[in-house]
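Results of the structural survey
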Amino acid sequence: QEQLRSLKTKVVTFSSLCQSCLADPDAGVQEQAFTVLSDLLLVLGPQLAQDGREELVPLVLVPDVGLQSQLAAFLMDHVFHQPSDRQELSATEDSEGHIEELHQRRVLLAGFCKLIIYNVLELSAASDVFKHYSKFYSDYGDIIKETLNCTRQMDRQEWARTLLLSLQQLMTELLLQQGPEIREAEGFLEIRDLARRFSLLFSLHQLRNRPALLGLHRDGIQFAFQEPPGPGRPPLNLPFLEVLSEFSPRLLRPDKG
């Protein structure tokens, strides 16, 4: 036990060092730190102390809220990053290393998704991946789809809540950017398209998916009718009902009443 505690101290110190490197100004250092952290968290995840290895519980490394936020922020900056102008886009497309760079980003994303699939991160953390499914389909569609399928088998109701959370986050971001008049905005149409893609995941095993789909509708309606910003004004999230309608065809007939 003393050796395990000593080893755990060294592991925590090393992980803290890697975590600090995520804020390094050098993008290469950040990527290496992210890769090492992903591997470390995976190896020292909950499965380490399973199947008769309970004595290894002290070695299990649980990422705190701060680290989880850093990992999610890294994805936004390094994986789900879109060129900000035409010059940058042209340089990316013309670069001989474009395919290699894409491969590296896919490796980084796969590392994060494994943390979710192996219960190192809570399933809700997948919203930071799922909400980019449509926009980055050509680059990461296969990885995200496989993660969607794996997490559905883990806990269907929590999986459905995570899909809803992805859509809610996008909706909230759009409202903050453009205000309440969003129905004709391109971003709103993109959210509806994402909801349509998500709804296809409920097309099979309707009875098995029924509780998850009902829960998604219930929570989605509550989100849409959240308290309005002032007396006599409609709820800001009311357009979300149109997003939710993309799932309605998947409901069983008795549930549509």
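Residues numbered from 1 in each chain as written. Predicted model: local features only at pLDDT ≥ 70, side-chain atom pairs only at ≥ 80, totals over all residues. Heavy atoms only, no water.

The cut-off we apply is this: UniProt positions are given in the numbering used here, feature names are shortened, and annotations may be inferred rather than shown by experiment.
If you check an unreviewed UniProt entry, the protein chain appears there as STAG3 protein from Brachypteracias leptosomus. Database annotation for the protein chain, UniProt heading Sequence similarities (unreviewed entry): "Belongs to the SCC3 family."

**A closer look at the overall build of the protein chain**
Stated precisely, the cut-off is as follows: A helix here means a DSSP run of H or I that spans at least four residues, while a strand means a run of E at least two residues long, and both kinds are numbered starting from the N terminus. Burial classes: relative accessible area under 20% of the type maximum marks a residue as buried, over 50% as exposed, and values in between as partly exposed (1.4 Å probe, protein chains only). Note on definitions: a residue-residue contact is assigned when non-hydrogen atoms from the two residues lie within 4.5 Å. Asp and Glu are treated as the negative residues and Lys and Arg as the positive ones, with His and the ends of the chain left uncounted. A single reference atom marks each charge: NZ on Lys, CZ on Arg, CG on Asp, CD on Glu.
Counting its secondary structure elements, the protein chain contains 11 helices and zero strands. In sequence order, the secondary structure elements of the protein chain are arranged as α-α-α-α-α-α-α-α-α-α-α. With the C-alpha coordinates aligned to their principal axes, the bounding extent of the protein chain is approximately 60 × 50 × 40 Å. Sorting the 257 residues of the protein chain into buried and exposed places 40% on the buried side. Excluding contacts between residues fewer than 6 apart, the proportion of contacts in the protein chain whose partners are at least 24 apart in sequence is 70%. The centroid of the 25 positive side-chain charges in the protein chain is displaced by 10 Å from the centroid of its 35 negative side-chain charges.

**As for the side chain of S134**
Stated precisely, the cut-off is as follows: Side-chain atoms alone can form a polar contact between residues adjacent in sequence; in general such a contact is a pair of N or O atoms within 3.5 Å, and within protein one must be able to donate a hydrogen while the other accepts it.
One can find S134 in the loop between α6 (127–130) and α7 (137–154). A polar contact of 3.1 Å, which involves the side chain of S134, links it to the side chain of R197.

**Considerations on the packing of aromatic side chains**
The condition is simple: Here is the rule: rings of Phe, Tyr and Trp (six-membered ring for Trp) pair when centre to centre is within 6.5 Å. Planes less than 30 degrees apart are stacked, more than 60 are edge-to-face, and the remainder are tilted. We call a charge positioned above a ring when the Lys NZ or Arg CZ atom is no farther than 6 Å from the ring centre and deviates by at most 35 degrees from the ring normal.
Throughout the structure, instances matching the rule amount to nine aromatic pairs. Relative to Y140, the ring of F80 lies with its centre 5.6 Å away and its plane at 90 degrees, an arrangement referred to as edge-to-face. Here the residue F80 occupies a position in the loop between α3 (65–79) and α4 (86–94), and Y140 occupies one in helix α7, the gap between them amounting to 60 residues. Of note, R197 hangs over the ring of Y137, and the distance from its end group to the ring centre comes to 4.7 Å.

**Quick notes on a nonpolar patch on the surface**
Just so we agree on the cut-off: Exposure above 30% relative accessible area and the absence of a salt bridge qualify a residue for a patch, where like charges join within 9 Å and nonpolar side chains (Val, Leu, Ile, Met, Phe, Trp, Tyr) within 5 Å. To be clear on the numbers: accessible area is Shrake-Rupley with a 1.4 Å probe, and residue cover counts the displayed protein chains and nothing else. A carboxyl oxygen of Asp or Glu within 4 Å of a side-chain nitrogen of Lys or Arg is what we treat as a salt bridge.
Taken together, the side chains of F14, L17 and V36 make up a nonpolar region of the molecular surface, amounting to roughly 250 Å² of accessible area. Looking at where F14 falls in the secondary structure, it is placed in helix α1 (residues 2–21).

**Considerations on the packing of α3 against helix α5 (residues 98–117)**
Test applied: In this analysis, axes come from line fits to C-alpha atoms, helices being fitted only over the stretch in contact, and the angle between any two N-to-C directions falls in the range 0 to 180 degrees. Every angle not falling under 35 degrees, over 145, or within 65 to 115 is termed oblique; those three ranges are roughly parallel, roughly antiparallel and roughly perpendicular. Each crossing gets its hand from how the near helix is turned against the far one by less than a right angle, where anticlockwise is left-handed and clockwise is right-handed. Any residue outside Ala, Val, Leu, Ile, Met, Phe, Trp, Tyr, Cys, Pro, Asp, Glu, Lys and Arg is labelled polar, Gly included; the first ten of those are nonpolar and the last four are charged.
In contact at an axis separation of 10 Å, α3 and α5 are set at 160 degrees when each is read in the N-to-C sense. By the angle class used here, α3 and α5 are roughly antiparallel. As for how α3 packs across α5, the hand of that crossing is left-handed. In contact with L71, A72, F74, L75, H78 and V79 of α3, α5 contributes R105, L108, L109, F112 and L115. Counted by class, the contact of α3 with α5 contains nine nonpolar, one polar and one charged residues.

**Quick notes on helix α9 (residues 186–200)**
Rules: Helix span, as expected, comes to 1.5 Å for every residue beyond the first. Arc definition: directions from the helix axis to the C-beta atoms.
The end-to-end C-alpha distance of α9, which contains 15 residues, comes to 22 Å, matching closely the 21 Å that a straight helix rising 1.5 Å per residue would cover. Residues F188, I191, L194, A195, F198 and S199 constitute the buried set of α9. Along the axis of α9, the buried positions cluster into a sector of 145 degrees, meaning they face one direction only. In this structure, the buried residues of α9 make contact with α6, α7, α8 (156–178) and α11 (240–244).

**So, the packing of helix α2 (residues 27–43) against α5**
Relative to each other, α2 and α5 sit at 30 degrees, their axes nearing to 9 Å. Taken together, the axes of α2 and α5 lie roughly parallel to each other. Relative to α5, α2 is oriented so that their crossing is left-handed. Residues E31, F34, T35, S38, L41 and L42 of α2 pack against Q104, L108, G111, F112, K114 and L115 of α5.

**Notes on the environment of F74**
Note that F74 resides in helix α3. In this structure F74 comes out as buried when scored by relative accessible area, which is 3%. Residues F74 and L108, spaced 34 residues apart in sequence, show a C-alpha to C-alpha distance of 9.6 Å. Other than its neighbours up to four places away in sequence, F74 contacts L22, Q30, E31, F34, V79 and L108.

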